[in-house]
Protein chains: 2
Amino acid sequence: MSAFEPRPPFYLGIDLGGTNIKSGVVEDSGRPLSSVSIETQADLGPVVGVENLAEAGRLAVQQSGLKWDQIAAVGLGSPGTMDLSRGMLLEPPNLPGWNQLPIRDLLAAKLDKPTILQNDANAAAFGEYWAGAGRNTRSLVLFTLGTGVGCGIISDERIIEGRHSHGGECGHIIIQMENGRRCACGAYGHLEAYASATALVKRAHELLAEQSTRSSLREIPAEELTSRAINEAADAGDGLARRLMRETSYYLAVGAVTLMHTIDPDIVLFGGGMIAAGSTFLEDIRQHIQKMAFPTVAKGCKIEYAELGGDAGFIGAAGCARAAFGR
Amino acid sequence: MSAFEPRPPFYLGIDLGGTNIKSGVVEDSGRPLSSVSIETQADLGPVVGVENLAEAGRLAVQQSGLKWDQIAAVGLGSPGTMDLSRGMLLEPPNLPGWNQLPIRDLLAAKLDKPTILQNDANAAAFGEYWAGAGRNTRSLVLFTLGTGVGCGIISDERIIEGRHSHGGECGHIIIQMENGRRCACGAYGHLEAYASATALVKRAHELLAEQSTRSSLREIPAEELTSRAINEAADAGDGLARRLMRETSYYLAVGAVTLMHTIDPDIVLFGGGMIAAGSTFLEDIRQHIQKMAFPTVAKGCKIEYAELGGDAGFIGAAGCARAAFGR
């Protein structure tokens with residue numbers, strides 16, 4: 001058997017997002033054999049949506065070159081709110097109208113495979129743990145930096161799901177209790193209100209309004225001022241953009257230290273769009289952590305970027321299927 | 001067999017503190033059959049100390065009325081720093097000179113029983129989970145409020161020990177990243193720097209110096225101004241003392257919310273000397289949490305005082321022995 005010949009058993013992972021569904025077949029080692037993406041059409045409601053999930057899964061199996069009966073089990077990652085043990089979506093803000101939906105069993109019936117539901121951020125963390133930057137570890141924390149700050153935690157090889165399927169919602173830990181910024185969730189002082197891509201852009205607008213410092217960011221039309229644009233300006237040497245990126249790295253370090261003093265993981269990972277900021281940004285995060293964390297923990301815990309990018313969700317969902325139904 | 005007749009198997013728990021060693025025999029249900037306390041004599045060094053641990057254990061078995069060979073296994077709770085997997089104390093600040101000590105194996109050799117080492121705060125959390133306010137749950141967070149803020153986490157029926165035996169060090173989560181108070185550990189903005197008994201007394205001194213408000217606290221000599229005195233003054237209606245207690249309840253709620261959004265436990269417990277503050281203090285904590293936590297989590301998570309008091313450590317240590325060696 002060649003190193004590149006697919007090795008059974010095989011698991012199908014499906015990552016449900018508000019806009020797109022990603023899916024792929026993953027072999028027992030964690031290597032993906034296919035990767036497809038179709039539109040969720042969330043606004044057409046859950047009946048169409050669940051059929052689209054099944055369709056994405058079928059396409060992924062087709063693309064992998066495997067036969068349907070070679071698939072051992074299916075893992076589905078989805079945004080919450082949810083009840084993991086019952087396989088239900090409850091009231092997911094990103095999937096309006098998909099309320100009180102027994103999504104796991106509906107999908108299992110369509111695909112005729114053992115199926116497990118997992119929170120999408122948890123699934124991504126499990127993907128990195130199984131087959132990404134966290135392989136060969138037993139515990140990790142993954143922060144996914146995008147519109148919000150997603151988070152998933154693996155402790156002793158298991159996902160922290162929590163009693164109400166709200167484990168690892170660490171975008172919403174409180175890092176600033178006095179005069180904290182308002183978070184998208186409505187509460188104050190949360191990590192996400194400081195360190196998400198959205199928060200970065202907001203802080204940029206504030207700083208540009210407050211300060212008269214020269215900055216290339218002023219030449220960018222307000223609606224085009226993205227986290228990527230700020231990052232590129234920082235790379236090009238713009239002082240104000242650099243300050244914004246350094247502050248972001250500090251906020252993330254504060255969040256990471258709280259998690260390191262809570263979970264004490266082998267590795268803390270940062271993923272999502274903002275890791276395009278590259279090695280300086282990561283190095284800044286590391287240096288802040290080094291100053292703030294307990295020396296033993298700081299010394300022993302790796303701080304890295306995630307490796308699986310947009311595939312982490314479906315790879316991790318397949319990994320959850322493997323953990324639940326494999327061997 | 002009567003309900004009060006001891007039921008095998010039996011486990012010996014030993015709780016090592018800087019000043020005292022507590023020990024007791026615990027039956028399979030979690031009910032303690034004995035409870036003894038002797039001096040640690042930590043300053044006489046680890047050779048005497050380990051003999052004292054063994055002696056406390058022997059006394060506890062004697063007091064229980066059981067025979068030595070009825071004890072199935074031993075659990076030892078100790079302050080860190082430690083390496084749990086190797087059963088070693090590393091450099092425990094509360095046990096000066098007990099460095100690089102293979103305490104688990106030394107004790108096992110003296111007692112000739114299978115022996116497990118656990119962090120003392122983790123052991124207390126496990127005690128509450130097994131036999132205290134957290135029984136019939138699968139996950140809990142225990143904050144122990146004393147000189148510092150101790151913490152232990154149970155998630156899915158297991159202690160979060162962490163990679164460097166630093167799991168659940170949640171006295172040292174960052175709740176205030178800007179202009180945070182200095183913690184005993186040297187870092188800034190930690191929960192412990194706001195919410196420990198020590199921090200409460202420090203804040204009282206500051207407030208008395210800053211404000212000219214009338215307060216019964218002014219009549220207490222500085223060295224007698226304890227957390228208990230502040231609590232009693234609050235109970236008696238003193239405005240300044242009430243403010244201090246309310247602020248403390250807020251800080252604890254902030255810490256609890258961060259843990260609830262990370263672990264999403266069945267129950268959050270508060271233990272230690274400060275729970276003498278009674279039901280108003282607990283109710284204040286609850287109300288702050290209710291305002292700050294995700295509604296689903298806030299609704300579903302109980303907030304209670306711990307039940308086992310000073311026995312939590314040895315009961316939990318015995319529970320760890322049961323989990324490791326039982327059945």
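Owing to the predicted nature of the structure, the values given are computational and were not obtained by experimental measurement. (Residues numbered from 1 in each chain as written. Chains lettered and ligands numbered in written order. Predicted model: local features only at pLDDT ≥ 70, side-chain atom pairs only at ≥ 80, totals over all residues. Heavy atoms only, no water.)

Caption draft 1: Structural detail: the interface of chain B and chain A. Contacts between the two partners involve 45 residues from chain B, matched on the other side by 45 residues from chain A. Interface area, chain B with chain A, both sides summed: about 3,700 Å², of which 55% is carbon and sulfur. Along the contact surface separating chain B from chain A lie two salt bridges. Between Arg-163 of chain B and Asp-266 of chain A there is a salt bridge; the shortest N-O distance is 2.4 Å. Our count for the chain B to chain A interface comes out at 28 residue pairs in polar contact (both at pLDDT 80 or more). (Contact = heavy atoms within 4.5 Å. Buried area = accessible area lost by both parts, 1.4 Å probe. Salt bridge = Lys/Arg side-chain N within 4 Å of Asp/Glu carboxyl O. Polar contact = N/O pair within 3.5 Å; in protein donor to acceptor, adjacent residues only side chain to side chain.)

Caption draft 2: Representation of the relation of the copies chain B and chain A in the model. Overlaying chain B with chain A gives an RMSD of 0.0 Å, the required rotation being 180° about an axis along which the chain moves by 0.0 Å. Taken together, the turn and the small shift mark the pair as related by a two-fold rotation axis. Most of the interface of chain B is mirrored in chain A, where 100% of its interface residues are also at the interface. (Least-squares fit on C-alpha atoms with pLDDT ≥ 70 in both.)

Caption draft 3: Representation of the packing of aromatic side chains. Residue and element names in this part refer to chain A. In this structure the tally under the stated criterion is eight aromatic pairs over all chains. Centre to centre, the rings of Phe-126 and Tyr-129 are 5.3 Å apart; their planes meet at 55°, and the pair counts as tilted. Here the residue Phe-126 and the residue Tyr-129 both occupy positions in helix α3 (residues 120-131), the gap between them amounting to three residues, near one helical turn. Considered together, Phe-126 and Tyr-129 belong to a single accessibility category, that of buried residues. (Phe/Tyr/Trp six-rings, centres within 6.5 Å; stacked < 30°, edge-to-face > 60°. Helix = DSSP H or I, 4+ residues; strand = E, 2+ residues; numbered from the N terminus. Buried < 20%, exposed > 50% of the residue type's maximum accessible area, 1.4 Å probe, protein only.)

Caption draft 4: Main features of the nonpolar core. Phe-143, Ile-230 and Phe-270 of chain A together with Phe-143, Ile-230 and Phe-270 of chain B are the most contacted members of the largest nonpolar core, which totals 114 residues. Ignoring any residue separated from it by four or fewer positions in sequence, one finds Phe-143 of chain A in contact with Val-149, Gly-150, Cys-151, Cys-170, Leu-191, Gly-255, Ala-256, Leu-259, Val-268, Leu-269, Phe-270 and Gly-271 of chain A. (Core = buried A, V, L, I, M, F, W, Y, C linked by side-chain atoms within 4.5 Å.)

Caption draft 5: Representation of the side chain of His-190 of chain A within the structure. On the secondary structure map, His-190 of chain A appears in the loop between β10 (158-159) and α4 (192-195). Look at His-190 of chain A and you get buried, because its relative accessible area is 1%. Leave out the neighbours within four places in its chain, and His-190 of chain A touches Gly-171, His-172, Ile-173, Ile-174, Ile-175, Arg-181, Cys-183 and Cys-185 of chain A together with His-261 of chain B.

Caption draft 6: Here's a closer look at the sheet that holds strand β4 (residues 71-78) of chain B. Residue and element names in this part refer to chain B. If you walk across this open sheet you meet the five strands as β3-β2-β1-β4-β7, and the pairing is mixed. The sheet is open, and its two borders are formed by β3 (36-39) and β7 (115-119), each paired with just one other strand. Pairs of neighbouring strands in the sheet enclose a mean axial angle of 20°, with direction left out of account. Pairing geometry for strand β1 (residues 10-16) and strand β2 (residues 20-27), over seven bridges, is antiparallel. Bridged to Leu-12 within β2 is Val-25. Against the sheet, helix α2 (residues 103-111) touches β1, β4 and β7, its axis set at about 145° to β7. Together, β1, β2, β4 and β7 form the strand contacts of helix α3 (residues 120-131), whose direction differs from that of β7 by roughly 100°. (Pairing = 2+ DSSP bridges. Axes fitted to C-alpha atoms, helices over the stretch in contact; angles between N-to-C directions.)

Caption draft 7: Quick peek at the side chain of Ser-139 of chain A. Residues and elements named next belong to chain A. Take Ser-139: it is sitting in the loop between α3 and β8 (140-145). Taking the relative accessible area as the measure of exposure, Ser-139 reaches 7% and is therefore buried. Here Asp-266 takes part through its backbone nitrogen, which lies 3.0 Å from a polar atom of the side chain of Ser-139. When neighbours within four sequence positions are excluded, Ser-139 is seen to be in contact with Ile-154, Ser-155, Asp-156, Asp-264, Pro-265, Asp-266 and Ile-267.

Caption draft 8: Region of the structure containing the domain arrangement of chain A. Residues and elements named next belong to chain A. By the assigned domains, chain A splits into domain 1 (10-128 + 311-325) and domain 2 (136-306). A C-alpha centroid distance of 27 Å is found between domain 1 and domain 2. The interface of domain 1 with domain 2 comprises 13 residues on the first partner and 17 residues on the second. Three residues, Asn-122, Ala-125 and Glu-128, lead the burial of domain 1 against domain 2; their summed loss comes to 45% of the area buried on that side. (Domains from an automatic or database assignment.)

Caption draft 9: Here's a closer look at the environment of Leu-308 of chain B. Locating Leu-308 of chain B in the fold gives a position in the loop between β12 (302-305) and α10 (312-325). Residues in contact with Leu-308 of chain B, not counting those within four places in the same chain, are Gly-127, Glu-128, Ala-131, Gly-132 and Ile-315 of chain B.

Caption draft 10: Inspection of the pattern of salt bridges at higher detail. As enumerated under the stated definition, the model contains 34 salt bridges over all chains in all. A salt bridge links Asp-28 of chain B to Arg-322 of chain B, with the nearest nitrogen and oxygen atoms 2.8 Å apart. One end of the pair, Asp-28 of chain B, is in the loop between β2 and β3; the other, Arg-322 of chain B, is in helix α10, and 294 residues separate them in sequence. Judged by relative accessible area, which is 16%, Asp-28 of chain B ranks as buried. One connected set of salt bridges, linked through shared partners, spans Glu-51, Glu-55, Arg-58 and Lys-110 of chain A.

Caption draft 11: Spatial organisation of the sheet that holds strand β12 (residues 302-305) of chain A. All names here are of chain A. Strand order in the open sheet formed by five strands is β10-β9-β8-β11-β12, and the pairing between neighbours is mixed. Either end of the sheet is taken by a strand with one partner, and the two such strands are β10 and β12. The pairing of β8 with strand β9 (residues 149-155) spans six bridges and is antiparallel. In the strand pairing of β9, Leu-145 is matched with Val-149. Helix-sheet contacts for helix α8 (residues 278-292) involve β8, β11 (267-271) and β12, and the interaxial angle to β12 is about 160°.

Caption draft 12: Seen up close, helix α5 (residues 197-210) of chain A. Residue and element names in this part refer to chain A. The terminal C-alpha atoms of α5 lie 20 Å apart, and with 14 residues this matches the ideal 20 Å at 1.5 Å per residue to within 8%. Those residues of α5 that fall on the buried side of the exposure criterion are Ala-197, Ala-199, Leu-200, Val-201, Arg-203, Ala-204, Leu-207 and Leu-208. Next to the buried residues of α5 lie α4, α6 (227-235) and α7 (239-260). (Expected span 1.5 Å × (residues − 1).)

Caption draft 13: Inspection of helix α1 (residues 46-64) of chain B at higher detail. Residue and element names in this part refer to chain B. With 19 residues, α1 extends 27 Å from end C-alpha to end C-alpha; this agrees with the ideal 27 Å at 1.5 Å per step. Taken together, the buried positions of α1 are Gly-49, Val-50, Asn-52, Leu-53, Ala-54, Ala-56, Gly-57, Ala-60, Val-61 and Ser-64. On the buried face of α1, the contacting elements are β1, β2, β3, β4 and α2. Of the residues flanking the end of α1, it is Gly-65, one or two places downstream, whose phi is positive at about 85°.

Caption draft 14: Main features of the pairing of strand β1 (residues 10-16) of chain A. All names here are of chain A. When you tally the buried positions in β1, you get seven out of seven residues, the bulk of the element. The alternating pattern of β1 places Phe-10, Leu-12, Ile-14 and Leu-16 and Tyr-11, Gly-13 and Asp-15 on opposite faces, both of which are buried. Where β1 and strand β4 (residues 71-78) come together, six bridges link them in parallel fashion. Bridged to Leu-12 within β4 is Val-74. Linking β1 back to strand β2 (residues 20-27) in an antiparallel pair, the connection comprises three residues.

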